[in-house]
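Now for the letters of each chain:
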Amino acid sequence: MKASEIESYLQSLDTGWVDWSKTVDTFKAGDPNIEVTGIAVAWMTYTSALERAIELGCNLFITHEPTYYNHLDTDEKIFRFDYVARKREFLTTSGLAVLRCHDLWDQMPGIGVPDSWGKKLDLGDPIDGSTYYRIFDGAGRTAKEVASHVAQRTRDLGQEGVQLFGPEGKKVKRIAIGTGAITPFQHFIEHFKADLAICSDDGFSCWRDGALAIDMEVPVIVVNHGVSEIYGVQLLAEHLAARFPETPVHFIPQRCMYQMVGVR
């Protein structure tokens, strides 16, 4: 089976939400016509993850996020950094093909990023939502209670604490979540009438959204971008393993991108 056949299979899962003429879901490195010996799946193409894929005998690496630190992976200026140039050279000589699965998985029903994030948070069944967004019943819990619950659910991914903006004691009925960097606070409160939002650190601006949340007294919980998506990427790996049982598929676990450091 060729790497391009895996790409075609993933494209076949789309029922109309991906614009394939503009998508970032393309090969970023390697030969699409290689015969696949194994598939590695990870949220981010860290060099360490690429090296791990090779150790596992994989020659196809499926990533959710960019390879060269730019959403389109087209910024040639990034190669002014010697390390990035060496990363490209490493991929060129490794025989590893890198395929991105982002636009497809950001709206894939059931096991894609939106629904998997809701399942990871254990918020019950959605009561509203569309495309990248889901709305859940807050059941009258306080914002701080919800924040504590979220921290418990993200702890295994290396995020033991979350940020909470706004009134901690406010009781909430409608919780809005987004996917990855697409967590528009103003859209949540205006369109979905959310009274608590769960946003990512790449989709929430403190000076803009944080100030508005505090003034409007609408609490916001902020988590790391990767933490909100890694479980969905794991489900992608499991899906591919079930669909292609003759090909080894390895999920490469990743965690919160930073650690919390306190004063002793």
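A short tour of the structure in this document, coming up. Positions within a chain are numbered from 1, following the residues in the order the chain's sequence is written. Only residues with pLDDT of 70 or above have their local features reported here, since the model is predicted, and side-chain atom pairs are shown and tallied only from 80 upward, although totals for entire chains, interfaces and linings are computed over all residues. Calculation of side-chain values draws on the structure's entire complement of heavy atoms; hydrogens and water are dropped beforehand.

## Topic: the environment of R88
Then, in step 1: Helix numbers and strand numbers start at the N terminus; a helix is a DSSP run of H or I with at least 4 residues, a strand a run of E with at least 2. One can find R88 in helix α3 (residues 82-94).
Then, in step 2: Judged by relative accessible area, which is 33%, R88 ranks as partly exposed.
Then, in step 3: Considered as a pair, R88 and K28 are 60 residues apart in the sequence and their alpha carbons are 9.9 Å apart.
Then, in step 4: Note on definitions: a residue-residue contact is assigned when non-hydrogen atoms from the two residues lie within 4.5 Å. The residues contacting R88, other than those within four sequence positions of it, are Y68, E76 and F79. With a 1.4 Å probe rolled over the protein chains alone, any residue whose accessible area is under 20% of its type maximum counts as buried; one over 50% counts as exposed, and the rest are partly exposed.

## Some words on α3
Then, in step 1: To estimate the expected span of a helix, subtract one from its residue number and multiply by 1.5 Å. Between its first and last C-alpha atoms α3 spans 18 Å; for 13 residues at 1.5 Å apiece the expected length is 18 Å, and the two agree.
Then, in step 2: Every buried residue of α3 is listed here: V84, K87 and L91. End-on, the buried residues of α3 take up no more than an arc of 50°, which puts them together on one face. Exposed and facing more than 90 degrees away from the buried side of α3 are D82, R86, T92 and T93.
Then, in step 3: Check the buried side of α3 and you find it contacts β1 (27-29), α2 (47-55) and β4 (97-100).
Then, in step 4: Count one or two residues on from α3 and you reach G95, which has phi positive near 80°. The arc in question is the one traced by the directions running from the helix axis out to the C-beta atoms.

## A look at α2
Then, in step 1: Among all positions in α2, only T47, A49, L50 and A53 are buried. For α2, the angular spread of the buried residues around the axis is 160°, confining them to a single face. More than 90 degrees from the buried face of α2, the exposed residues found are S48 and E55.
Then, in step 2: Against the buried residues of α2 lie β2 (39-42), β3 (60-63), α3 and β4.
Then, in step 3: Looking one or two residues beyond α2, the residue adopting positive phi is G57, at roughly 85°.

## Comments concerning the packing of helix α4 (residues 113-121) against helix α8 (residues 230-243)
Then, in step 1: Angles here are taken between N-to-C directions and fall from 0 to 180 degrees, while the axes themselves are lines fitted to C-alpha atoms, restricted in helices to the stretch in contact. Direction vectors running N to C along α4 and α8 enclose 115°, while the axes themselves pass 8 Å from each other. Viewed along their axes, α4 and α8 form a crossing whose handedness is right-handed. Every residue of α8 that contacts α4 at S116, K119 and K120 is listed here: Y231, G232 and L235.
Then, in step 2: Only Asp, Glu, Lys and Arg are considered charged in this grouping, and only Ala, Val, Leu, Ile, Met, Phe, Trp, Tyr, Cys and Pro are considered nonpolar; every other residue, Gly among them, is considered polar. Here the residues of the contact of α4 with α8 are counted per class, giving 2 nonpolar, 2 polar and 2 charged. A clockwise turn of the near helix away from the far one marks a right-handed crossing, whereas an anticlockwise turn of less than a right angle marks a left-handed crossing.

## What about unusual backbone geometry?
Then, in step 1: Unlike most non-glycine residues, T131 shows phi in positive territory, near 40°.
Then, in step 2: By secondary structure assignment, the location of T131 is in the loop between β5 (128-130) and β6 (133-137).

## A word on the pattern of salt bridges
Then, in step 1: Should a side-chain nitrogen of Lys or Arg be within 4 Å of a carboxyl oxygen of Asp or Glu, the pair is scored as a salt bridge. Tallied over the entire structure, the rule returns 8 salt bridges.
Then, in step 2: One salt bridge in this structure joins D209 and R208, with 3.0 Å as the shortest N-O distance.
Then, in step 3: The exposure class of R208 is partly exposed, given its relative accessible area of 40%.

## Quick word on the sheet that holds strand β7 (residues 163-165)
Then, in step 1: Here, a strand pair is defined by DSSP locating no fewer than two bridges between the strands. The 6 strands lie next to each other as β5-β6-β8-β9-β10-β7, forming an open sheet whose pairing is mixed. Among the strands making up the open sheet, the edge pair consists of β5 and β7. The average undirected angle you get between the axes of adjacent strands in this sheet is 20°.
Then, in step 2: Bridge count between β6 and strand β8 (residues 174-177): 4 bridges; the pairing is antiparallel. By the bridge assignment, I135 is partnered in β8 with A176.
Then, in step 3: Across the face of the sheet, α4 comes into contact with β6, β8, β9 (196-200) and β10 (220-223) while running at roughly 130° to β8.

Remember, this is a structural readout, not a statement about activity or role.
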